[in-house]
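# Remarks on the overall topology
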Amino acid sequence: MARRKKIYEGKAKILYEGPEPGTIVQYFKDDATAFNAEKKAVIEGKGVLNNRLSEFFMTGLSQIGVPNHFVRRLNMREQLVRSVEIVPLEIIVRNYAAGTMSQRLGLEEGTQLPRPIVEYCYKDDSLGDPLVTEEHIAAFGWASQQEMDDILSIALRVNDFLSGVMLAVGIRLVDFKIEVGRVFDGEFPRLIVADEISPDSCRLWDIETGQKLDKDVFRRDLGSLTDAYTEVARRLGVMPKSSTPVSKPTLIN
Ligand code: 5GP
């Protein structure tokens, strides 16, 4: 088989040229990074879990009419996605204070916010993805006013969907990050959800115990990240038992 052309390698994923024009193969690595890659580790199985979880969330979004890049899963670690022109923003939606918002505003982690708050960060690792306002976005032309309206509406719809799905399995959606990209179906661009939706980019807390089931487990050394993500996948019914590796060969009569 001919070697595939690598388009981009990020901290958690590799993008390869897809089999048809306008498609990309998204490969989920086991690498975990935090604090702008100052902390690094290889977490066995993370890529497989995130591939399945992102498929689950993107498929659910398609079912409620939120357009996104997911086409189909190819194998344990890869999915076929639509290629997009990425908008250089991290779109963060928060339902409860945590992380950088708690630090910035002196709010105790877990404080319920009066309503979902949407924040924007400029996607630039060398700058540490700084928080920006809509003024910066308009002035530097990162997205048009119409696109900003669409981004807000998409972000809040994703929040409603994810909050509901999580609540149903006893998990509180504290916050999450999405990215969007432009696709050209004809003359005009439209925005779709891109990148991934997984516990790498969400804060997920068990409603009963407050146990963290997301990347903060790695960031803050709170235990096994694989166990946390597996628990999320198990509750959502995402990892069928048959996909767990069989340790011994079994005799078939
Ligand atoms: P915070 O700004 O509190 O660090 O993050 C807010 C939310 O956005 C968290 O759920 C966090 O996981 C997610 N997030 C923020 N920046 C990034 C990033 O660069 N990569 C990923 N995967 N998630 C991010």
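Residues numbered from 1 in each chain as written. Predicted model: local features only at pLDDT ≥ 70, side-chain atom pairs only at ≥ 80, totals over all residues. Heavy atoms only, no water.

### Looking at the environment of serine 224
Secondary-structure assignment places serine 224 in the loop between α5 (216-219) and α6 (225-236). Separated by 11 residues in the primary sequence, serine 224 and leucine 213 place their C-alpha atoms 9.7 Å from one another. Of note is the side chain of serine 224, whose polar atom sits 3.4 Å from the backbone nitrogen of threonine 226. Here aspartate 227 takes part through its backbone nitrogen, which lies 2.9 Å from a polar atom of the side chain of serine 224. (Helix = DSSP H or I, 4+ residues; strand = E, 2+ residues; numbered from the N terminus. Polar contact = N/O pair within 3.5 Å; in protein donor to acceptor, adjacent residues only side chain to side chain.)

### Quick word on the site of the ligand
Surveying the vicinity of the ligand reveals 15 residues, the closest of which are Arg94, Thr100, Asp175, Arg203 and Arg219. Aspartate 129 places a polar side-chain atom, nitrogen or oxygen, 3.4 Å from an oxygen atom of the ligand. Within the side chain of arginine 219, an N or O atom sits 3.0 Å from an oxygen atom of the ligand. Compared with its free state, where it exposes 490 Å², the ligand has 82% of that area covered by protein. Taken together, the residues of the shell around the ligand sort by class into 4 nonpolar, 3 polar and 8 charged. (Near = heavy atom within 4 Å. Areas by Shrake-Rupley, 256 points an atom, 1.4 Å probe, with all protein chains shown as cover. Nonpolar A, V, L, I, M, F, W, Y, C, P; charged D, E, K, R; others polar.)

### Thoughts on the domain arrangement of the chain
One widely used convention gives an interface's size as the accessible area the parts lose upon coming together. Each assigned domain of the chain is listed with its residue range as follows: domain 1 (6-84 + 224-251) and domain 2 (85-206). The gap between the C-alpha centroids of domain 1 and domain 2 is 19 Å. The partner domain 2 presents 31 residues to the 28 residues of domain 1 that form the contact. Buried area between domain 1 and domain 2, summed over both chains or domains, comes out near 2,500 Å², and the portion from carbon and sulfur atoms is 61%. Broken down residue by residue, the surface that domain 1 buries against domain 2 is led by Phe57, Val84 and Arg235, which jointly contribute 27%. In this assembly, domain 1 and domain 2 are joined by 6 salt bridges. Between lysine 13 and aspartate 195 there is a salt bridge; the shortest N-O distance is 2.9 Å. Here domain 1 is connected to domain 2 by 18 residue pairs in polar contact (both at pLDDT 80 or more). At the level of secondary structure, the elements contributing two or more residues to the side of domain 1 that touches domain 2 comprise β3 (23-28), α1 (46-63) and α6. Here the side of domain 1 that touches domain 2 gets 9 residues from one element, more than from any other, and that element is α1. (Domains from an automatic or database assignment. Contact = heavy atoms within 4.5 Å. Buried area = accessible area lost by both parts, 1.4 Å probe. Salt bridge = Lys/Arg side-chain N within 4 Å of Asp/Glu carboxyl O.)

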